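Below are the chains, spelled out letter by letter.
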Amino acid sequence: MVEIEINTTVLPDEFIAHRLGMVPLISTNCDEAIRNTRDCTCLAGCDSCSLMLHLNVQCNDDSTMDVTSHYLDLVPAGTRETWAEYSEPGEEIAKRSENFGRPVGKDDDSPPILICKIRKGQQLKLKCVAKKGIAKEHAKWSPCSAVAFEYDPYNKLRHTTHWFEQDERAEWPLSTNAQEEEAPRDNEHFDFNAQPRRFYFEVETDGSLGPQEVVMKGLSELQTKLANLILGLKSHPELDMLAGVDSQANGQAATDGWGASATGGGWGAGSGGGWGGVTSPSHANAPTNAWSSSSPATSGGATSTWGGGATSAGWGSPEQQANGWNV
């Protein structure tokens, strides 16, 4: 975030803010040295999740003055006037290096980054707030300026066809990676089943992070994602135990409620069930339920309302029986 207070240069505020957003800051060990904004409990920024830089330049000479990244000054952590809501510094501040958050090249002989040019009487005063992020969200958080890879520097696999006029070796010079492999012999036979075994990567950063740290952090992130994928494909013992308990509970419920015996109630009761209770032809004086008809061989058994017995009338049973619906 860039908050411009005074800008009397020839460039608009948006142009200067865009150039400031692309200035790399030293971010060594940024995983532990600064907190993500979404993980912080502050409302508008604090020393644990944000860095504040000031720039105040005014030209008083007749010559043109270059405003570069060397004029950006980092506000030390713990300054009460830095943030509107003061909060105690967290453990992230103790893990920062001495030059953490400063513009790249300010503490060494590297050339600075040009922001704008001003003439006599012009002034630029602003405040910048830097936060942690990744290049997937915005390109300004990308520490890499160029990444290249190569395999088979001698072209043994013949994956590339070199166009040349007279001498292939002279017109297509070998890279420095050829020193890591053995040169092919002139009478060497071509292997159609050969596969590349070595890959040479070249990582160039803008100075915010070192190439080695970028590669190691990338491998660590890849390892974490693969581990989460493998963990997601495996079955959890706790979930299996819970599934076993649920299946046992469902089986017990089916035995008690849905598949009850002859003396039980519920949905499948034999003697007085509400829905599926039927009278066996061999049982004398066995009462029937409200939904099933009486057996032809039953002597003296009460008929049901829906079965159409000889003495059925209306909704009530002529003989009060303890069935599912009539009492």
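The structure presented is a predicted model; accordingly, all values stated were derived computationally and were not measured.

What counts as what
- Residues numbered from 1 in each chain as written.
- Predicted model: local features only at pLDDT ≥ 70, side-chain atom pairs only at ≥ 80, totals over all residues.
- Heavy atoms only, no water.
- Helix = DSSP H or I, 4+ residues; strand = E, 2+ residues; numbered from the N terminus.
- Buried < 20%, exposed > 50% of the residue type's maximum accessible area, 1.4 Å probe, protein only.
- Areas by Shrake-Rupley, 256 points an atom, 1.4 Å probe, with all protein chains shown as cover.
- Salt bridge = Lys/Arg side-chain N within 4 Å of Asp/Glu carboxyl O.
- pLDDT = per-residue confidence, 0-100.
- Contact = heavy atoms within 4.5 Å.
- Phe/Tyr/Trp six-rings, centres within 6.5 Å; stacked < 30°, edge-to-face > 60°.
- Lys NZ or Arg CZ within 6 Å of the ring centre and 35° of its normal.
- Pairing = 2+ DSSP bridges.
- Axes fitted to C-alpha atoms, helices over the stretch in contact; angles between N-to-C directions.
- Patch = residues over 30% accessible without salt bridge, like charges linked within 9 Å, V, L, I, M, F, W, Y side chains within 5 Å.

### Some points on the overall build of the chain
From N to C terminus, the chain includes 5 helices and 8 strands. For the chain, buried positions account for 26% of its 327 residues. When the accessible surface of the chain is split by element, carbon and sulfur atoms take 53% of a total near 22,400 Å².

### Quick look at the pattern of salt bridges
One pass over the full model with this rule turns up 7 salt bridges. A salt bridge links Asp31 to Lys217; its shortest N-O distance comes to 3.0 Å. Of this pair, Asp31 sits in helix H2 (residues 30-33) while Lys217 sits in helix H4 (residues 211-233), and the two are 186 residues apart along the sequence. Judged by relative accessible area, which is 44%, Asp31 ranks as partly exposed. Note on Lys217: relative accessible area 36%, which makes it partly exposed. Linking Asp62 and Lys120 is a salt bridge whose minimum nitrogen-to-oxygen distance equals 3.4 Å. One end of the pair, Asp62, is in the loop between strand E2 (50-58) and strand E3 (65-68); the other, Lys120, is in the loop between strand E5 (114-118) and strand E6 (123-131), with 58 residues separating them in the sequence. Here the two residues Asp62 and Lys120 agree in accessibility, since each one is exposed.

### What about the confidence of the model for the chain?
Do not read the predicted coordinates in detail wherever pLDDT is low. For the chain, the mean per-residue pLDDT works out to 78, and 69% of the residues sit at or above 70. When pLDDT is averaged over each helix and strand of the chain, the minimum, 59, is found for helix H5 (residues 237-258) and the maximum, 95, for E5. Contacts of residues 259-266 to residues separated by more than four positions or lying in other chains number 15 contacts, the stretch itself having pLDDT below 50. Residue range residues 268-274 is modelled with pLDDT below 50. Its contacts to residues more than four positions away, or to other chains, number 23 contacts.

### As for the packing of aromatic side chains
Inspection of every chain in the model, using the stated rule, returns 3 aromatic pairs. Arranged with centres 5.5 Å apart and planes meeting at 50°, the rings of Tyr151 and Phe199 form a pair that is tilted. Linking Tyr151 in the loop between strand E7 (144-150) and helix H3 (168-171) with Phe199 in the loop between H3 and strand E8 (200-205), this pair joins segments that are 48 residues apart in sequence. The ring of Trp141 has Lys140 sitting right over it, with the charged end atom 4.9 Å from the ring centre.

### Let's talk about the sheet that holds E6
Across the sheet, which stays open at both edges, the 4 strands sit in the order E1-E6-E2-E4 with antiparallel pairing between neighbours. Because the sheet does not close on itself, it has two edges, and the strands there are strand E1 (2-7) and strand E4 (73-74). Sheet topology note: the E2/E4 ladder contains 2 bridges and is antiparallel. Looking across to E4, one finds that His54 is bridged to Asp73. Helix H1 (residues 13-21) rests against E1 and E6 of the sheet, and its axis sits at about 130° to E1.

### Topic: a nonpolar patch on the surface
Judged by side-chain polarity, Val215, Met216, Leu219, Leu222, Leu226, Leu229 and Leu233 come together as a nonpolar surface patch covering roughly 700 Å² of accessible area. Looking at where Leu226 falls in the secondary structure, it is placed in helix H4. Among the residues examined, Leu226 registers a relative accessible area of 46% and is labelled partly exposed.

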